[in-house]
Amino acid sequence: MTTPGTLRVERVGVTVSGRDLVREASLEVAPGEVVALVGPNGAGKSTLLRTLYRARRPTSGRVLLDGEDVWRMGGRRLARRLAAVMQETPGEFELTGYEVVAMGRSPYKRAFQGDDAGDRKIITDALAALDVTGLARAPFDRLSGGEKQRVLIARALAQQTGTIVLDEPTNHLDLRHQLDALRLVRGLGVTAVIALHDLNLAAAFCDRICVMDAGRVVADGPPARVLTPGLLAEVYEVDAEVTIHPGTGIPQINVLPGLPLSGSGGSASPQPGHEGSTAP
Ligand code: ADP
Ligand code: MG
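Definitions and limits used
- Residues numbered from 1 in each chain as written.
- Chains lettered and ligands numbered in written order.
- Predicted model: local features only at pLDDT ≥ 70, side-chain atom pairs only at ≥ 80, totals over all residues.
- Heavy atoms only, no water.
- Pairing = 2+ DSSP bridges.
- Helix = DSSP H or I, 4+ residues; strand = E, 2+ residues; numbered from the N terminus.
- Contact = heavy atoms within 4.5 Å.
- Axes fitted to C-alpha atoms, helices over the stretch in contact; angles between N-to-C directions.
- Parallel < 35°, antiparallel > 145°, perpendicular 65-115°, else oblique.
- Left-handed = near helix turned anticlockwise from the far one by under 90°.
- Nonpolar A, V, L, I, M, F, W, Y, C, P; charged D, E, K, R; others polar.
- Buried < 20%, exposed > 50% of the residue type's maximum accessible area, 1.4 Å probe, protein only.
- pLDDT = per-residue confidence, 0-100.
- Expected span 1.5 Å × (residues − 1).
- Arc of directions from axis to C-beta.

Strands belonging to one sheet form pairs held by backbone hydrogen bonds; the direction of such a pair is parallel or antiparallel. Spatially, four strands are ordered 2-1-4-5 in an open sheet, and the strand pairing comes out antiparallel. In this open sheet, the two edge strands, each paired with only one partner strand, are strand 2 (19-29) and strand 5 (68-69). Bridging between strand 1 (residues 7-16) and strand 2 involves seven bridges; their strand directions are antiparallel. Residue Thr-15 lies in a different strand from strand 2, and its bridge partner there is Asp-20. Helix-sheet contacts for helix 1 (residues 45-52) involve strand 1, strand 2 and strand 4 (60-65), and the interaxial angle to strand 1 is about 120°.

What follows deals with the packing of helix 4 (residues 117-129) against helix 5 (residues 145-158). At a closest axis distance of 8 Å, the pairing of helix 4 and helix 5 adopts a crossing angle of 140°. Put simply, helix 4 runs oblique to helix 5. Our pair here, helix 4 against helix 5, has a crossing hand that is right-handed. For the pair formed by helix 4 and helix 5, the contact residues are Ile-122, Ala-126, Leu-127 and Ala-129 on the first element and Ala-154, Leu-157 and Ala-158 on the second. In terms of residue class, the contact of helix 4 with helix 5 is built from seven nonpolar, no polar and no charged.

Its identity is not glycine, yet Glu-24 carries a phi of approximately 45°, on the positive side. Mapped onto the elements, Glu-24 comes out in strand 2. With a phi close to 65°, Arg-54 is a non-glycine residue in the positive phi region. Along the chain, Arg-54 turns up in the loop between helix 1 and strand 4. Owing to a relative accessible area of 25%, Arg-54 belongs among the partly exposed residues under this scheme.

Taken over all residues, the pLDDT of the protein chain has a mean of 90, while the share at 70 or more is 89%. Low pLDDT (under 50) marks residues 264-280, which in the prediction has one contact with non-local residues, meaning those over four places away or in another chain.

Attention now goes to helix 6 (residues 175-187). For helix 6, which comprises 13 residues, the first-to-last C-alpha distance of 18 Å matches the rise-based estimate of 18 Å (1.5 Å per residue) to within 8%. Listed as buried for helix 6 are His-177, Gln-178, Ala-181, Leu-182, Leu-184 and Val-185. Angular distribution of buried residues about the axis of helix 6 spans 155°; they occupy a single face of the element. Seen from the open side of helix 6, the exposed residues pointing more than 90 degrees away from its buried face are Leu-175 and Gly-187. Among the residues trailing helix 6, Gly-189 stands out with phi positive, at a value near 75°.

Okay, the sheet that holds strand 3 (residues 34-38) next. Reading across from one edge, 6-7-8-3-9-10 is the order of the six strands in this open sheet, with mixed pairing throughout. The sheet terminates laterally at strand 6 (82-85) and strand 10 (216-221), the two strands that pair on one side only. Ignoring which end each strand starts from, the neighbouring axes of this sheet average 15° apart. With five bridges connecting them, strand 7 (residues 163-167) and strand 8 (residues 191-195) associate as parallel partners. Bridge pairing links Asp-167 to Ala-195 in strand 8. The sheet contacts of helix 1 involve strand 3, strand 6, strand 7, strand 8 and strand 9 (208-213), and relative to strand 7 the element is tilted by about 150°.

So this is what it looks like as structure tokens:
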């Protein structure tokens, strides 16, 4: 049974050793919606995502998947509904590419139950979708960062969940595979929350952009509404132009190099007294 994938993050806080890594973060994602989670390094994106796939228990607040608290669900039940592609790839895998993807089927099995023809088709299809069929027999440990990443996305695909959470899935990927991976996730029609650094990719592939800064959600909405020069200056401390692509209507961010905003105030104000002095 496929679940619709309604995700509700309700005022989630994560405090570790007295430090608030996430503060009162709320997020609602409708079935099939694709949301980008962006923000500077250390903003709390990975920590928030960990609370969704149950790798870090919230100190306060709740995470509800289709109305059920993920922290009260059985592990297998959650794994049938939510798949995660994490940032840190476990290095101890002594498995082939195929075997890593086959792990995606384990929530549907009893201990030591083998793969049937249906499983094998799902696994081979997932390998093909991520363009890693040729790596099926290769030891996972020896793959490049990008190849590992694609195999791990294939594993999440084989899990056939209604919701998928990805933490910087495009990090090690070349341009074509970045586009392929995001196109694929989009095309699945499942609910997706994706931590991304590339704001242009976020704008192109996601319905909404949720911006985190210093543990808080500071903006959330459609890309064109969220990605403004003002927000980029405030959150990322960069000077950027945002234009709307005439063909696609997608906002495009052009970060201006070498023009850091001066000081802490952030506004590059013209020197007083020079206005109107532009006569030739
Ligand atoms: P992001 O993914 O947005 O870059 P993270 O969620 O990884 O940010 O980290 C948020 C902040 O929490 C960072 O300052 C990081 O150093 C800190 N942090 C992450 N994990 C821990 C931990 N286990 N203990 C203490 N601090 C942590
Ligand atoms: Mg992170």
